[in-house]
Amino acid sequence: MSPADVLGFDPFDRAFLRDPYSRYRELSTRGALFRTRAGLLVATTHELCSTLLRDPRFGRGPRGQDSGDPGQPTASFLWLDPPDHTRLRALVSRAFTPRMVERLRPRVESIAASLIRALPEEADLVSGLAYPLPVMVISEMLGVPAEDHERFRGWSEKLARGLDPMLTADLLSETGRARKEFGDYFRELAALRRERPGDDLLSALTRVQELTEAELLATCVLLLVAGHETTVNLIANGVPALLRHGLLPEAARRPKHVVEEVLRYDPPVQLTSRVALEDVSLGGTPVPKGTMVMAVIGAANRDPTVFPDPDHFDVTRSPERHLAFGLGIHFCLGATLARMEGEIALSALASAAPGMKLIEPEPPYKENVVLRGLASLPVRLR
């Protein structure tokens, strides 16, 4: 069975990778909620996706509870339903409050400025800025030594790919190895932090008696992967959108508006799914218990009933209703941090290189299904 039979589109088609939103518009003509050839229910409107994400009758289901999703770290709270989700998220959430995140601003600004100064005249902004900035920030929060940052790239890319449905046997094996190596690394680092605790999140988590070792390791892996993969895509996806629309200076003038519009226009997370925990109706369609429903965030964020002229990149709109960070109990824990990193990176880049140009008109995208991000972003800075 092909990916198109399962999802309703071919996520590896080159035209789709360049512009998934045209295909999403075609899908929406099949109805707000439709069934693919493989039987998967797909929601494309803002209203249905919002309902799906907020309604407690939909959740991760048994597959989430036992960590059965391929490629996932052991039982991180991202894949759990209450009460386990509530307990684990509460233990970590205090590190990501707006007040705690704001304390990081000077350090994030310093890292961004240093990375931008080091960029050559012709640079790949993914490897030179979009990737290292959030990796350095979340690593420092967790107390990961700087010399280990580069080790995470391969692991993280494989685990991010593990979010995708319909993985091949080879990819399943690769994500399994990456998950084990990541877990082994944090097991050793956690043991070190128990002996010599520091002023970091991992040291704090090792002191939480309610946290099992498996939960601790899964939480660390989740924070590191989720704490930078989506932010890499936010920063990288924002640059072509700004340059193609001649709006790069706006990133320095109104960084908050720019980041919100990037999140709406080309969201780092394109898809998510929920399972009906009981017999329920969604948009008037019966959804039996155990049925999986996919929410197409990329389509919902361009719903014309919510966002006028949705294919237009408009930094003056009020896009607070976008679904880039989800809704409900699984709303992205690191949303405040991701927003701040995106604002700082794009603003600093716009100020330092106002004449920046794309070297490749169509830079390549990674062949991920759930996450959308550029594999590289070659630019000429001046």
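Above this text you will find the structure in question.
These numbers come from a predicted model, not from an experiment.

**Quick notes on the environment of Asp 84**
Next up, step 1: Within the secondary structure, Asp 84 sits in helix 6 (residues 84–93).
Next up, step 2: The class for Asp 84 is partly exposed, based on a relative accessible area of 33%.
Next up, step 3: Measuring from C-alpha to C-alpha, the distance between Asp 84 and Ala 241 comes to 39 Å, with 157 residues separating the pair along the chain.

**Describing the environment of Gly 59**
Next up, step 1: Tracing the sequence through the fold places Gly 59 in strand 3 (residues 58–59).
Next up, step 2: Of the residues examined, Gly 59 reaches a relative accessible area of 3% and is grouped as buried.
Next up, step 3: Along the primary structure Gly 59 and Val 6 are separated by 53 residues, whereas in three dimensions their C-alpha atoms are 20 Å apart.
Next up, step 4: In this view, Gly 59 contacts Asp 81, Arg 274, Val 275 and Leu 277; residues no more than four positions away in its chain are not counted.

**Some points on the sheet that holds strand 2 (residues 41–43)**
Next up, step 1: One open sheet holds the five strands; their spatial order is 1-2-8-5-3, and the pairing between them is mixed. Bordering the open sheet on either side are strand 1 (33–35) and strand 3, each of which pairs with just one other strand.
Next up, step 2: Note: strand 1 against strand 2, three bridges, orientation antiparallel. By the bridge assignment for strand 2, Phe 34 is matched with Val 42.
Next up, step 3: Contacting strand 1, strand 2, strand 3, strand 5 (271–276) and strand 8 (292–296), helix 4 (residues 46–54) crosses the sheet at an angle of about 125 degrees to strand 8.

**With respect to the packing of aromatic side chains**
Next up, step 1: Applying the stated criterion across every chain, the model contains eight aromatic pairs.
Next up, step 2: Aromatic side chains Phe 9 and Phe 16 sit 4.8 Å apart centroid to centroid with 10 degrees between the ring planes, which places their arrangement in the stacked category. Taken as a pair, Phe 9 and Phe 16 share a single burial class, namely buried.
Next up, step 3: Summarising the aromatic geometry, the rings of Tyr 21 and Tyr 24 are spaced 5.7 Å apart at their centres and angled 80 degrees between planes, so their arrangement reads as edge-to-face. With Tyr 21 and Tyr 24 both in helix 3 (residues 20–28) and three residues apart, the pair spans about one turn of that helix.

**Digging into empty space enclosed by the protein**
Next up, step 1: Inspection of the entire model under this criterion finds one cavity of 30 Å³ or more.
Next up, step 2: Around the largest cavity sit 14 residues that line it, and Phe 16, Leu 17, Asn 368, Leu 371 and Arg 372 are the ones nearest its centre.
Next up, step 3: Among the secondary structure elements, those contributing two or more residues to the lining of the largest cavity are helix 2 (14–18) and helix 3.
Next up, step 4: The residue makeup of the lining of the largest cavity, split by class, is nine nonpolar, three polar and two charged.

The rules behind the values
- Residues numbered from 1 in each chain as written.
- Predicted model: local features only at pLDDT ≥ 70, side-chain atom pairs only at ≥ 80, totals over all residues.
- Heavy atoms only, no water.
- Helix = DSSP H or I, 4+ residues; strand = E, 2+ residues; numbered from the N terminus.
- Buried < 20%, exposed > 50% of the residue type's maximum accessible area, 1.4 Å probe, protein only.
- Contact = heavy atoms within 4.5 Å.
- Pairing = 2+ DSSP bridges.
- Axes fitted to C-alpha atoms, helices over the stretch in contact; angles between N-to-C directions.
- Phe/Tyr/Trp six-rings, centres within 6.5 Å; stacked < 30°, edge-to-face > 60°.
- 1 Å grid on protein atoms, 1.4 Å probe; cavity = no way out; pocket = protein on both sides within 12 Å on 5 of 7 lines; lining within 4 Å.
- Points joined across faces, edges and corners; volume = space filled by probe spheres on them.
- Nonpolar A, V, L, I, M, F, W, Y, C, P; charged D, E, K, R; others polar.

These figures capture arrangement, not role.
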